[in-house]
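Summary of the model geometry
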Amino acid sequence: MDIFSTLKKIALSEKKTIVFPEGNDKRVLSAAVKLANEGVIAAILLGNETEIGKMAADLKLDLTHVKIIDPQTYGGLEKMVAELVALRNGKSTAEDAKKMLSDVSYFGTMLVYENIADGMVSGAAHSTASTVRPALQIIKTAAGMHRVSGSFVMERGEEKYVFADCAINIDPDATTLAEIAYQSAQTAKMVGIDPKVAFLSFSTKGSAKGAMIDKVVEATKLFQEKYPEIPADGELQFDAAFVPSVGQSKAPGSKVAGHANVFVFPELQSGNIGYKITQRLGNFLAVGPILQGIAKPVNDLSRGASSDDVYNLAILTAAQAIFKD
Ligand SMILES: CC(C)(COP(=O)(O)OP(=O)(O)OC[C@H]1O[C@@H](n2cnc3c(N)ncnc32)[C@H](O)[C@@H]1OP(=O)(O)O)[C@@H](O)C(=O)NCCC(=O)NCCS
Ligand SMILES: CC(=O)OP(=O)(O)O
């Protein structure tokens, strides 16, 4: 069974509420309505009811099963402002908080914070930075985690992989890289992949030298010390990590080289470029960025996302909410 059919079964077992701040985006509206009509989630759309109603009529969508909240007329706004001020702990005044909440990303994130929604999916029309910053400030990291990161689940037929960090940490240090690898291994387990983690580089086992490679070697060592139960190796070039014959020749004796399924990129440029090449040239389904290491599920979309991508990411978000309980 493909990953998303499995996750959909999980999501159907306990209906979670997902908020979609971009309620007036056609891709988001279609996906949210479809999921709500199928009974997979309870959907909250943010936006103006009349505008969303018109769009739904044009798209011939039935809004019976979705809830629309208009942030402009929301009755709980004063309470939300007070909560946000308290949460920001001296960093934002009531005036700042009101301004922040006029941004749907902040408003939606606060609905998750207040447990009105179990998770949020946004980013089809907003940059990753503006989607994710509220989550970092309000929801914060999960217990024991220090940084939130962003992975993609890549799927093509029977081939299933996790790529990270493709979205958040611009130039992680070795400690953060090791934490990203742990979070990615957890994401892999959630989607039914038995993780084998490769710390990627342009060097395999000392074939090149320099500070960039030292960081990857250090991250691998930290990870292996902390999580000896999860197979991991580095530094590995992608071919050594992925192709069994190349892995054997470049990293003989490695249990991971040639068989990796969780790919940890050394920094964000390679991670973001790497997933987009795999998606666009390799025709892989790319679902994410999935925020990892965060206390509650909030997930971002690429602005290039299709309605199917929104649909899949919302299913994954609902499954994350179930796993967290
Ligand atoms: C994610 C990102 C927006 C955060 O940047 P930022 O808002 O400038 O970060 P700041 O340093 O101002 O931090 C804002 C808050 O988030 C927290 N934060 C930042 N990065 C974090 C991370 N990776 N994990 C957890 N918390 C983080 C900070 O601690 C801070 O919290 P505070 O306000 O309570 O003190 C930034 O790292 C970024 O732009 N990343 C790349 C996004 C991108 O373009 N990706 C490519 C497309 S997917
Ligand atoms: C994940 C990602 O690259 O997002 P966007 O395409 O919106 O920048």
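What comes next concerns the included structure. (Residues numbered from 1 in each chain as written. Chains lettered and ligands numbered in written order. Predicted model: local features only at pLDDT ≥ 70, side-chain atom pairs only at ≥ 80, totals over all residues. Heavy atoms only, no water.)

**What about the environment of Ala-82?**
Checked against the element boundaries, Ala-82 lands in helix 4 (residues 77-88). Measuring from C-alpha to C-alpha, the distance between Ala-82 and Ala-241 comes to 50 Å, with 159 residues separating the pair along the chain. (Helix = DSSP H or I, 4+ residues; strand = E, 2+ residues; numbered from the N terminus.)

**Description of the pattern of salt bridges**
Side chains that carry opposite charge are capable of pairing whenever their charged atoms lie near each other. Throughout the structure, instances matching the rule amount to 11 salt bridges. A salt bridge links Lys-160 to Glu-155; the shortest N-O distance between them is 3.6 Å. Like Lys-160, the residue Glu-155 is buried in the burial classification. Of the charged contacts, one joins Lys-215 and Asp-171 as a salt bridge, the two residues approaching to 3.1 Å between their closest N and O atoms. (Salt bridge = Lys/Arg side-chain N within 4 Å of Asp/Glu carboxyl O. Buried < 20%, exposed > 50% of the residue type's maximum accessible area, 1.4 Å probe, protein only.)

**Points about the site of ligand 2**
Neighbouring ligand 2 are Thr-128, Phe-152, Asn-272, Tyr-275, Lys-276, Pro-289, Ser-302 and Arg-303. Between an oxygen atom of ligand 2 and a side-chain N or O atom of Asn-272, the distance comes to 3.0 Å. One nitrogen or oxygen atom from the side chain of Lys-276 is found 2.8 Å from an oxygen atom belonging to ligand 2. In isolation ligand 2 exposes 260 Å². Once the protein is present, 86% of that is buried. (Near = heavy atom within 4 Å. Polar contact = N/O pair within 3.5 Å; in protein donor to acceptor, adjacent residues only side chain to side chain. Areas by Shrake-Rupley, 256 points an atom, 1.4 Å probe, with all protein chains shown as cover.)

**So, the site of ligand 1**
For ligand 1, the set of nearby residues contains 17 residues, the closest of which are Lys-91, Arg-133, Val-148, Ala-167 and Ile-168. At a separation of 2.4 Å, an oxygen atom of ligand 1 approaches a polar side-chain atom of Arg-133. In the complex, 65% of the free accessible area of ligand 1, which totals 940 Å², lies under the protein chains. Elements supplying a minimum of two residues to the shell around ligand 1: helix 7 (128-138) and helix 12 (268-282).

**Some thoughts on the side chain of Asp-300**
Tracing the backbone through its elements, the reader meets Asp-300 in strand 11 (residues 298-300). A distance of 2.6 Å separates the side chain of Asp-300 from the side chain of Thr-128, its partner in a polar contact. Discounting residues that sit within four places of it in the chain, Asp-300 has contacts with Ser-122, Gly-123, Thr-128, Thr-131, Val-132, Gly-288, Pro-289 and Leu-313. (Contact = heavy atoms within 4.5 Å.)

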